[in-house]
Amino acid sequence: IEYYADIILSISEYFDNIEFVFILCLSSMIHLKLKKYSKTIEGTTRILKLVLLIDGEEISISKIKQQMISTAFGTRALSYFMLNEYEESKADYSKAISYDKENASAYFGHGYVSEKLQKNQSSNENFQAIISISKMKKISNSLIGMTYKKLNNYEELLRSYSLALRENDQEI
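Caption draft 1: A look at the overall build of the protein chain. Each helix and strand in the protein chain was counted, giving nine helices and zero strands. In the protein chain, the succession of α and β elements from N to C terminus is α-α-α-α-α-α-α-α-α. Looking at the protein chain as a whole, 44% of its 172 residues are labelled buried. When contacts within the protein chain are restricted to residue pairs at least 6 apart in sequence, long-range pairs at least 24 apart make up 50% of them. Entry remark: accessible area of the protein chain is about 9,900 Å², with carbon and sulfur atoms responsible for 56%.

Below, the structure written as structure tokens:
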């Protein structure tokens with residue numbers, strides 16, 4: 001399967017239509033799963049170039065296209081993260097969020113990479129954003145608690161953990 005994903009990636013420069021973007025997305029996901037992060041970055045970069053140029057203008061991007069672009073930036077950000085290229089990862093997570101404000105995984109990734117870069121306030125803000133857009137409140141409150149611990153704000157740490165426990169009780 002890696003062989004076919006490599007072929008798709010190598011011929012991608014000769015295609016510029018939306019149908020091929022979906023095939024290239026599949027190739028990038030295969031490379032990501034196989035931990036071939038450099039090839040994932042190459043594929044998602046190609047996807048972004050194709051998607052942003054298909055309509056000619058970036059201004060009239062549909063909701064589906066925005067989500068596709070956000071996912072591509074998020075996938076590339078994850079690949080950069082796995083290669084310990086945290087600044088590139090953070091930049092791509094920021095772009096993913098700018099295209100889709102409801103992309104919880106982009107906020108999570110941005111928060112986690114911010115934590116790696118020891119930018120705990122930024123990390124906390126990203127985990128806070130997840131609460132308002134997803135059903136991952138228990139996990140988000142736990143992550144927020146961990147960032148408050150690093151910020152030495154123990155009152156907020158206890159409040160966040162209490163909220164996480166309350167969410168846990170509601171799930172049962």
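Now that the structure has been shown, the text picks up again.
Caption draft 2: Up close: helix 6 (residues 104-116). With 13 residues, helix 6 extends 18 Å from end C-alpha to end C-alpha; this agrees with the ideal 18 Å at 1.5 Å per step. Those residues of helix 6 that sit buried are Ala-104, Ala-106, Tyr-107, Gly-109, His-110, Gly-111, Val-113, Ser-114 and Glu-115. Just downstream of helix 6, Gln-118 is the residue with a positive phi angle, here 60°.

Caption draft 3: Geometry of the packing of helix 5 (residues 86-99) against helix 6. Two elements in contact, helix 5 and helix 6, have axes separated by 9 Å at closest approach and are oriented at 155°. Considering the angle they form, helix 5 stands roughly antiparallel to helix 6. Read as a crossing pair, helix 5 and helix 6 show a hand that is left-handed. Of the residues in helix 6, those touching helix 5 at Tyr-86, Ser-89, Lys-90, Tyr-93, Ser-94, Ala-96 and Ile-97 are Ser-105, Ala-106, Tyr-107, Gly-109, His-110, Val-113, Ser-114 and Lys-116. Per-class residue counts for the contact of helix 5 with helix 6 are seven nonpolar, six polar and two charged.

Caption draft 4: Structural view of unusual backbone geometry. Here the phi dihedral of Lys-35 falls at roughly 60°; this positive angle occurs in a residue that is not glycine. Here Lys-35 shows up in the loop between helix 2 (18-33) and helix 3 (37-54). Of note in the backbone geometry, Asn-84 takes a positive phi value of approximately 60° without being a glycine. Tracing the backbone through its elements, the reader meets Asn-84 in the loop between helix 4 (63-82) and helix 5. The class for Asn-84 is exposed, based on a relative accessible area of 54%.

Caption draft 5: Seen up close, the packing of aromatic side chains. Following the criterion strictly, the structure yields four aromatic pairs and no others. For the pair Phe-81 and Tyr-112, a centre-to-centre distance of 5.5 Å together with 55° between the ring planes defines the contact as tilted. Pair noted here: Phe-81 is in helix 4 and Tyr-112 is in helix 6, with a separation of 31 residues, a long-range link. Here Phe-81 falls in the buried class, since its relative accessible area comes to 13%. Residue classification places Tyr-112 among the partly exposed residues on the basis of a relative accessible area of 36%. Each residue in the set Phe-81, Tyr-86, Phe-108 and Tyr-112 is aromatic and connected to the rest through ring pairs, giving one cluster.

Caption draft 6: Highlighting the nonpolar core. Membership of the largest hydrophobic core comes to 27 residues, with the highest contact counts inside it found for Val-21, Ile-47, Val-51, Ile-69 and Phe-73. Every element with two or more residues in this core is listed here: helix 2, helix 3, helix 4, helix 5, helix 6, helix 7 (120-133) and helix 8 (137-150). Element by element, the count of residues in this core is highest for helix 4, at six residues. Look past the residues within four positions of Ile-47 in its chain and what remains in contact with it is Val-21, Leu-24, Cys-25, Ser-28 and Ala-72.

Caption draft 7: Expanded view of the side chain of Asn-103. Considering the arrangement of structural elements, one finds Asn-103 in the loop between helix 5 and helix 6. Polar side-chain contacts of Asn-103 include one of 2.7 Å to the side chain of Ser-70.

Caption draft 8: Representation of the pattern of salt bridges in the model. Across all of its chains, the model carries one salt bridge by this definition. We note a salt bridge from Arg-76 to Asp-92, for which the minimum N-O separation is 2.5 Å. Note that Arg-76 is positioned in helix 4 and Asp-92 in helix 5, a separation of 16 residues in sequence. Its relative accessible area of 3% is what places Asp-92 among the buried residues.

Parameters and conventions
Residues numbered from 1 in each chain as written. Predicted model: local features only at pLDDT ≥ 70, side-chain atom pairs only at ≥ 80, totals over all residues. Heavy atoms only, no water. Helix = DSSP H or I, 4+ residues; strand = E, 2+ residues; numbered from the N terminus. Buried < 20%, exposed > 50% of the residue type's maximum accessible area, 1.4 Å probe, protein only. Contact = heavy atoms within 4.5 Å. Areas by Shrake-Rupley, 256 points an atom, 1.4 Å probe, with all protein chains shown as cover. Expected span 1.5 Å × (residues − 1). Axes fitted to C-alpha atoms, helices over the stretch in contact; angles between N-to-C directions. Parallel < 35°, antiparallel > 145°, perpendicular 65-115°, else oblique. Left-handed = near helix turned anticlockwise from the far one by under 90°. Nonpolar A, V, L, I, M, F, W, Y, C, P; charged D, E, K, R; others polar. Phe/Tyr/Trp six-rings, centres within 6.5 Å; stacked < 30°, edge-to-face > 60°. Core = buried A, V, L, I, M, F, W, Y, C linked by side-chain atoms within 4.5 Å. Polar contact = N/O pair within 3.5 Å; in protein donor to acceptor, adjacent residues only side chain to side chain. Salt bridge = Lys/Arg side-chain N within 4 Å of Asp/Glu carboxyl O.

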